[in-house]
Amino acid sequence: QVQLVESGGGLVQRGGSLRLSCAASSTYAMGWFRQAPGKEREFVAGISWNGGSTYYVDSVKGRFTISRDDAKNTVFLQMNSLKPEDTAVYYCAVDIRNYLSFINVRPEDYAYWGQGTQVTVSS
């Protein structure tokens with residue numbers, strides 16, 4: 001069983017920044033997803049187990065950065081230039097069998113999930 005602890009959500013104005021953190025029990029390929037009310041869960045960003053590869057959904061490229069600190073088994077999502085359409089509950093997740101450079105984008109490829117943290121961007 002892999003436990004994930006998320007932190008860092010909150011309320012921010014348009015153009016502001018937030019940094020999300022996700023602490024895991026070990027080093028894994030990980031992803032960030034988000035889900036807005038009435039919408040399906042959406043892939044946002046992913047990072048390979050060794051940090052060598054990252055991938056982003058087009059809507060956040062150039063604004064969000066995913067990174068990891070393996071000494072702390074923690075993955076971060078730095079979110080800059082936030083927009084109201086970024087408002088959602090953000091989840092981190094573990095792709096536990098993936099030790100390749102490929103980043104999976106489907107929720108069903110991720111076996112363990114954090115509790116979610118709310119990000120609200122006001123206009």
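Please read all numbers here as calculations on a predicted model, not as lab measurements.

Chemist: Can you lay out unusual backbone geometry for me, pointing to particular residues and giving the numbers?
Modeler: A positive phi is found at Asn73, a non-glycine position, where the angle reads about 50°. Of note, the phi angle at Ser81 is positive, near 50°, even though the residue is not glycine. When you line up the elements, Ser81 lands in the loop between strand E8 (74-79) and strand E9 (88-95).

Chemist: Lay out the pattern of salt bridges with the relevant residues and their values.
Modeler: Per the stated rule, a full pass over the model turns up 7 salt bridges. A salt bridge links Arg68 to Asp70, with the nearest nitrogen and oxygen atoms 2.7 Å apart. On the basis of relative accessibility, which here comes to 17%, the residue Arg68 falls in the buried class. Take Asp70: its relative accessible area is 35%, and that puts it in the partly exposed class.

Chemist: Describe the sheet that holds E8, with residues and values.
Modeler: Spatial strand order, E1-E3-E8-E7: 4 strands in an open sheet with antiparallel pairing. Each edge of the open sheet is held by one strand with a lone partner, namely strand E1 (5-7) and strand E7 (64-69). Pairs of neighbouring strands in the sheet enclose a mean axial angle of 15°, with direction left out of account. Two elements, E1 and strand E3 (residues 18-23), share 3 bridges in a ladder whose sense is antiparallel. Counterpart to Ser7 in the pairing with E3 is Ser21.

Reading guide: rules and limits
Residues numbered from 1 in each chain as written. Predicted model: local features only at pLDDT ≥ 70, side-chain atom pairs only at ≥ 80, totals over all residues. Heavy atoms only, no water. Helix = DSSP H or I, 4+ residues; strand = E, 2+ residues; numbered from the N terminus. Salt bridge = Lys/Arg side-chain N within 4 Å of Asp/Glu carboxyl O. Buried < 20%, exposed > 50% of the residue type's maximum accessible area, 1.4 Å probe, protein only. Pairing = 2+ DSSP bridges. Axes fitted to C-alpha atoms, helices over the stretch in contact; angles between N-to-C directions.

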